[in-house]
Amino acid sequence: MKPDTASLLLAWYDQNRRVLPWRALPGQTPDPYGVWLSEIMLQQTVVATVIPYYQRFLAAYPTVHDLAQAPLNEVLQLWAGLGYYARARNLHACAQKVSKIGFFPSDVNELLELPGIGAYTSRAIASIAFNQPFVPIDGNVERLIARLRGIEDPLPASRALLHQEASKLNNSAIAQERPSDFAQALFDLGATICTPRNPSCLLCPCQTNCEAFKAGNAKDLPKRSPKPQRPTRYGVVFRVINPNGDILLRTRPPQGLLGGTDELPGTPWREKPWTEKEALEFAPITKNWQKLGEIKHIFTHFILILTVYEMTSNLYDIRDIKCFDSSFKPPKASALSSAMKKCIILAQG
DNA sequence: ATCCGGTATG
DNA sequence: CATACCGGAT
């Protein structure tokens with residue numbers, strides 16, 4: 001009889017586990033605050049990108065109480081560039097709830113109540129931080145299970161089946177004894193061996209138990225159904241930089257697209273390109289604008305093309321700038337999305 | 001240029 | 001239950 005997949009995986013993990021800033025070393029007890037913070041950052045974001053942000057956050061806010069007491073603005077600034085800014089708002093709200101409770105709940109259902117914590121993250125925290133036998137199912141685990149079981153039905157239709165199979169992964173006694181290691185072993189395998197494009201099946205500890213390896217089609221799983229196309233939207237923004245290097249910026253509404261981030265003032269975004277005359281209605285002052293160029297930014301559901309204008313004279317008078325919604329801010333004190341950074345950098349801003 | 005994904009929200 | 005949110009990888 002073949003060795004159990006879980007025992008193969010755990011034996012591999014004991015020899016190959018990655019050292020990560022938020023991960024307890026063997027024999028140590030994980031810090032739920034660090035586990036939570038890392039899991040929020042790791043939603044939709046790769047380890048290498050997260051590490052410097054994680055370290056900056058931990059330095060700025062050594063405990064959940066420090067984070068709870070920080071101003072949201074400051075948290076958003078530290079988060080700037082990491083994307084999915086709702087995560088930062090939820091992070092802050094969650095820290096305040098946890099700080100009020102006094103400690104991190106260990107119960108999945110209580111974790112699930114907290115802002116920014118859903119089905120996946122509640123199970124990740126319960127298993128990794130509190131050693132409870134849950135399998136946190138994310139994209140990595142869906143991929144592993146599709147391959148191990150040789151499931152060829154395409155996502156997203158196959159998701160229910162994949163989850164059903166995945167939650168059985170830790171049924172064996174050995175996995176039940178080491179829930180925290182088991183959850184982290186799944187991630188390490190998915191990140192280093194059972195990767196999306198070119199899995200290293202020859203190095204995989206679970207090779208002998210893997211249907212996809214047997215069939216030689218691991219790299220083609222999981223399969224996916226095809227998907228639709230993106231429309232294009234256009235906008236015009238106006239770049240004003242004063243002699244101090246401060247930029248004229250406004251803050252987007254807290255909810256919705258790029259919520260809470262800072263942006264150059266300009267037109268709304270629409271499907272039709274703007275004429276110069278139309279766009280200038282939205283300019284902070286009426287004249288002396290020069291077209292600098294265009295930037296393109298790709299969102300999930302549309303492509304954004306922004307035309308950037310800048311003031312032609314360095315002698316403009318700040319008092320002439322009629323801007324009910326914008327003010328000069330130093331770039332270091334602003335939360336700029338990647339799209340806005342492109343506009344500011346354009347032709348060396 | 002296209003693909004990818006946890007959570008919140010409608 | 002579908003869609004929006006983002007930057008990074010490929």
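The structure reproduced in this document is the subject of the present report. Note on numbering: residues in each chain are counted from 1, in written sequence order. Whichever chain is written first becomes A and whichever ligand is written first becomes 1, with later ones labelled in order. Where local features are concerned, this predicted model is filtered to residues with pLDDT of at least 70; where side-chain atom pairs are given and counted, the filter is 80 or more; whole-chain, interface and lining totals use all residues. Hydrogens and water molecules were not included; the side-chain quantities draw on all heavy atoms of the structure.

## As for helix α2 (residues 32-42)
Only protein chains enter the accessibility calculation, which uses a 1.4 Å probe; a residue whose area is less than 20% of its type maximum is buried, one above 50% is exposed, and one in between is partly exposed. Only DSSP runs of H or I covering at least 4 residues are called helices, and only runs of E covering at least 2 are called strands; the numbering of each starts at the N terminus. Here α2 lies mainly inside the structure; 10 of its 11 residues are buried. Every buried residue belonging to α2 is among P32, Y33, G34, V35, W36, L37, S38, E39, I40 and M41, and all of these are buried. Residues of α2 that are buried sit in contact with α3 (47-60), α4 (64-69), α5 (72-79), α6 (86-101), α8 (119-128) and α12 (179-192). Where α2 ends, the next residue or the one after it, Q44, has phi of about 70 degrees, a positive value. The criterion used for residue contact is that any of the two residues' heavy atoms lie within 4.5 Å.

## Concerning the environment of L306
Here L306 shows up in strand β5 (residues 303-311). The buried category is assigned to L306, whose relative accessible area is 0%. C-alpha of L306 to C-alpha of G235: the two residues are 71 residues apart in sequence and 4.8 Å apart in space. Excluding residues within four positions of it along the chain, L306 makes contact with G235, V236, V237, W269, G293, E294, I295, M340 and C343.

## Details of the sheet that holds strand β6 (residues 327-329)
Pairing between strands is defined by DSSP: at least two bridges between them are needed. One open sheet accounts for 3 strands, arranged β3-β2-β6; its pairing is antiparallel. Looking along the sheet, the strands with just one partner apiece sit at the ends: β3 (262-263) and β6.

## As for the packing of aromatic side chains
Each aromatic ring pair is described using two quantities: the centre-to-centre distance and the angle formed by the ring planes. By convention, a stacked pair of Phe, Tyr or Trp rings (six-membered ring in the case of Trp) has centres within 6.5 Å and planes under 30 degrees apart, an edge-to-face pair has planes over 60 apart, and any other such pair is tilted. Here the structure, examined in full by the defined rule, presents 9 aromatic pairs. When the centroid spacing of 5.8 Å and the interplanar angle of 90 degrees are considered together, the rings of F57 and W79 count as edge-to-face. With F57 in helix α3 and W79 in helix α5, the pair connects residues that are 22 residues apart, well separated along the chain. This pair shows no difference in class: F57 is buried, exactly as W79 is. The rings of Y33, W36 and F104 are connected pair by pair, giving a single aromatic cluster. The rule for a charge over a ring is simple: NZ of Lys or CZ of Arg within 6 Å of the ring centre, and within 35 degrees of the ring normal. The lysine or arginine in question, R56, covers the ring of Y53, its NZ or CZ lying 4.7 Å from the ring centre. Stacked on the ring of W274, the Lys or Arg R270 has its end atom at 3.8 Å from the ring centre.

## Quick word on the sheet that holds strand β4 (residues 289-298)
Reading across from one edge, β1-β5-β4 is the order of the 3 strands in this open sheet, with mixed pairing throughout. Edge positions in the sheet fall to β1 (232-239) and β4, since each has one partner strand and no second. Direction aside, the axes of adjacent strands within the sheet are offset by 20 degrees on average. In the sheet, β4 pairs with β5 via 9 bridges, with the strands oriented antiparallel. Within β5, the position partnered with G293 by the bridge is V308. To obtain an axis, a line is fitted to C-alpha atoms, over the contacting stretch when the element is a helix, and the angle between two such axes runs from 0 to 180 degrees between their N-to-C directions.

## Some remarks on unusual backbone geometry
That bond from L155 to P156 is cis: its omega, 0 degrees, falls within 30 degrees of zero. Note that P156 resides in the loop between α9 (139-148) and α10 (159-166). With omega at -5 degrees, the peptide bond leading from L221 into P222 counts as cis. By the element assignment, P222 lies in the loop between α13 (211-215) and β1. One non-glycine residue, Y84, lies in the positive phi region at around 45 degrees. For Y84, the location among the structural elements is in the loop between α5 and α6. A residue is classified by how much of its surface remains accessible, and Y84, at 53% relative accessible area, is exposed. Even without being a glycine, N131 presents a positive backbone phi close to 55 degrees. Residue placement: N131 occurs in the loop between α8 and α9.

## Considerations on the protein's contact with DNA strand B
The environment of DNA strand B is made up of 18 residues, and the closest members are Q44, G116, G118, T121 and R224. Within 3.5 Å is the distance limit for a polar contact, defined as a pair of N or O atoms, with the added protein rule that one can donate a hydrogen and the other accept it, and that residues adjacent in sequence qualify only through two side-chain atoms. One nitrogen or oxygen atom from the side chain of Y84 is found 2.9 Å from a base nitrogen belonging to DNA strand B. In the model, a phosphate oxygen of DNA strand B is placed 2.7 Å from a nitrogen or oxygen of the R224 side chain. Secondary structure elements with two or more residues in the surface near DNA strand B: α8 and β4. Looking at the surface near DNA strand B, the element that brings in the most residues is α8, giving 3 residues. All residues other than Ala, Val, Leu, Ile, Met, Phe, Trp, Tyr, Cys, Pro, Asp, Glu, Lys and Arg, Gly among them, are scored as polar; the first ten of these are nonpolar and the last four charged. A class-by-class count of the residues in the surface near DNA strand B yields 6 nonpolar, 8 polar and 4 charged. We call a residue near a given molecule or strand whenever any one of its heavy atoms falls within 4 Å of it.

## Quick look at the pattern of salt bridges
One side-chain nitrogen of Lys or Arg within 4 Å of one carboxyl oxygen of Asp or Glu is enough to make a salt bridge. Applying the stated criterion across every chain yields a total of 17 salt bridges. With a closest N to O distance of 3.2 Å, E165 and R149 form a salt bridge. Separated by 16 residues along the polypeptide, E165 in helix α10 and R149 in the loop between α9 and α10 bring together distant segments of the chain. With a relative accessible area of 15%, E165 lands in the buried category. In this structure, a network of salt bridges that share partners links the residues D14, R17, R178 and D181.

Structural measurements only, silent on function.
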